[in-house]
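# What the coordinates show
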Amino acid sequence: MIYGLRDHERYVYHYTKLATARDFILKNRSLRLGSFANTNDPRESKDWTFNLFSRKGIDLGQHDFEKTSKWLSAALKSNTRLLCFSLDRPPLTGDHTKDIFSRGLAKPRMWAQYGGTHTGVCLVLDRAKLVEAVEATYPGSIHMCGPVQYKDQSFIRSLDPHEFAIDVDQLEALGQPGYVGAHLKAHYKTLFFSKLMDWRDESEWRIVVFANTDEDLFLPIENSLVGVIHGASTLRKDSESLFGLTDSWGVEHMGLRWNNSAPWYDLGSASWSASDRAIQARLAKRG
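The rules we used
- Residues numbered from 1 in each chain as written.
- Predicted model: local features only at pLDDT ≥ 70, side-chain atom pairs only at ≥ 80, totals over all residues.
- Heavy atoms only, no water.
- Helix = DSSP H or I, 4+ residues; strand = E, 2+ residues; numbered from the N terminus.
- Buried < 20%, exposed > 50% of the residue type's maximum accessible area, 1.4 Å probe, protein only.
- Areas by Shrake-Rupley, 256 points an atom, 1.4 Å probe, with all protein chains shown as cover.
- Axes fitted to C-alpha atoms, helices over the stretch in contact; angles between N-to-C directions.
- Parallel < 35°, antiparallel > 145°, perpendicular 65-115°, else oblique.
- Contact = heavy atoms within 4.5 Å.
- Nonpolar A, V, L, I, M, F, W, Y, C, P; charged D, E, K, R; others polar.
- Left-handed = near helix turned anticlockwise from the far one by under 90°.
- Salt bridge = Lys/Arg side-chain N within 4 Å of Asp/Glu carboxyl O.
- Pairing = 2+ DSSP bridges.
- Phe/Tyr/Trp six-rings, centres within 6.5 Å; stacked < 30°, edge-to-face > 60°.

In terms of helices and strands, the chain carries nine helices and 14 strands. Considered along the principal axes of its C-alpha atoms, the chain spans approximately 85 × 35 × 30 Å. Residue burial in the chain is summarised as follows: out of 287 residues, 45% are buried. Summed over its atoms, the accessible surface of the chain is roughly 15100 Å², and 51% of this surface lies on carbon and sulfur atoms.

Moving on: the packing of helix H1 (residues 18-28) against helix H8 (residues 236-246). At a closest axis distance of 10 Å, the pairing of H1 and H8 adopts a crossing angle of 10°. Considering their axes alone, H1 and H8 lie roughly parallel with respect to each other. The segment H1 lies against H8, with Leu18, Arg22, Leu26 and Lys27 engaging Asp238, Ser239, Ser241, Leu242, Leu245 and Thr246. Residue composition of the contact of H1 with H8, by class: four nonpolar, three polar and three charged.

Moving on, we come to the packing of helix H3 (residues 65-77) against helix H7 (residues 168-192). Between H3 and H7, whose axes approach to 10 Å, the crossing angle comes to 60°. When the axes of H3 and H7 are compared, the pair comes out oblique. Here the hand of the crossing between H3 and H7 comes out right-handed. Counting all contacts with H3, which are made through Thr68, Trp71, Leu72, Ala75 and Leu76, the residues of H7 involved are Leu171, Gln176, Tyr179, Val180, His183, Leu184, Leu191 and Phe192. When grouped by side-chain class, the residues that make up the contact of H3 with H7 number 10 nonpolar, three polar and no charged.

Another aspect to go through is the pattern of salt bridges. Pairing is possible between side chains that carry opposite charge, provided their charged atoms lie close to one another. Scanning the entire structure with this criterion turns up 13 salt bridges. Residues Glu66 and Lys70 are paired through a salt bridge, measuring 3.3 Å at the closest nitrogen-oxygen approach. Residue Glu66 and its partner Lys70 are both found in helix H3; the two are separated by four residues, about one turn of the helix. The exposed category is assigned to Glu66, whose relative accessible area is 53%. Residue Arg206 is joined to Glu204 by a salt bridge in which the shortest nitrogen-to-oxygen separation is 2.8 Å. Of the two residues examined, Arg206 and Glu204, each falls in the buried class.

Within the element layout of this structure, His162 appears in the loop between strand E7 (149-150) and strand E8 (165-167). The sequence separation of His162 and Arg89 amounts to 73 residues, and the corresponding C-alpha distance is 30 Å. Setting aside anything within four residues of it in sequence, one finds His162 in contact with Arg157, His183 and His187.

Right, let's talk about the pairing of strand E12 (residues 225-230) for a bit. Judged by how many residues are buried, E12 sits mostly within the fold: five of six residues are covered. Where strand E5 (residues 121-126) meets E12, five bridges bridge the pair, whose relative direction is antiparallel. Paired with Cys122 across the two strands is Ile229, which belongs to E12. Direction of pairing for E12 relative to strand E13 (residues 252-259): parallel, over a ladder of four bridges. Residue His230 lies in a different strand from E13, and its bridge partner there is Gly255.

Residue placement: Glu215 occurs in the loop between strand E10 (204-210) and strand E11 (217-220). Residue classification places Glu215 among the exposed residues on the basis of a relative accessible area of 60%.

Turning to the packing of aromatic side chains, a few remarks are in order. A full pass over the atoms with the stated rule returns 12 aromatic pairs. Ring centres of Phe36 and Phe192 lie 4.8 Å apart, and the angle between their planes is 65°; on these two criteria the pair is classed as edge-to-face. With a gap of 156 residues between them, Phe36 in the loop between strand E2 (30-35) and helix H2 (42-45) and Phe192 in helix H7 connect regions that are remote in the sequence. With relative accessibility at 0%, the residue Phe36 sits in the buried group. Overall, Phe192 belongs to the buried group, its relative accessible area being 0%. Arranged with centres 6.5 Å apart and planes meeting at 85°, the rings of Trp48 and Phe50 form a pair that is edge-to-face. As far as burial versus exposure is concerned, Trp48 and Phe50 are alike and both buried. Taken together, the ring pairs in this structure connect Phe36, Trp48, Phe50, Phe164, Phe192 and Phe210 into an aromatic cluster.

Covered by surrounding structure in E11 are Leu217 and Leu219 only, the residues Phe218 and Pro220 on the alternate face being uncovered. Across four bridges, the pairing between E2 and E11 is antiparallel. For Arg32, the partnering residue across the bridge sits in E11 and is Phe218.

In C-alpha cells:
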C-alpha cells in the first residue's frame, strides 16, 4: 500500500468523514453510490440544455425545444448513481520517500474538502477487485468505470453533433426510451467522465451506474478494501473506533502527518498494525 509501489493504476482512493466510515462504510462493508445530480459540480448538478438537429431536414418546429431538452436531461440523470475516487499520479518510482506527493492518499485539497478537514479517513481500494465487484453487483444495469478527463469546454459549440445536441432523426426512429440509450452510448464519456480543468488536481476515477430504481445502491468492498489512511487531525480515540471494524478483515491502517508543510506517514506509531495491537492487548492483560 505504501512501500515499493510502482503501479499507479493499482489503487483508487475514497475520502470520507470519520463518522461515515465508522457508522456506515466499514460497518456495512459497502459504499453508497450517490446521485449524479447531487454532486458539487454545477456542470453535473444543474439541468443540461440540449439543442435539436436533423440531417434529413425534419421540421424541428414540430418539437418543443425546452420540453424535449428537459426530458433528456432528466432521463440521463435521474437514475444515474456514481462513486468518486482519486488516483495516483504517474510515474511512481517505488520509493515512498519520493512518491508521496504523487499518491492519491496525500491530497490536501481532498482531505480538506471530503475528509472532514483532515479529521476523517481515506480508504484505499484495489481497483481491479473494485471493478469485479461492480460487474458482479450490477449485471443487469449499464455501468462504466474510468478516469475523468479534464478540458475547458465553452457552451458555444460547433454545428457538428455533440453531447448537448439531440439527433431528431434518431429520436423519431427509436422513440424516447430507445433514444436515451443511443445518446448515452454515443456521448457517455463527455457527459459523465468529463470535467473542467479547475478540477484536474482531484485526479478523479469514477464508477457510474444507470439503474432503473429510485432506491439507494450499495457496492460491496469487502474484497477490494486494503487500507485506511487516517487524517492528520483525526483524534486517536476516533482512529481506535475503526480498528475493531477491520481487524478480522485484513485491512491495513496508517496515519498521515504534516511536517513543515509536507505530508508524511505516521510510521512511529506501532499500534497502526493489527498484530502489534494484539500483542499490546495481551501484554496489558498480563499486567
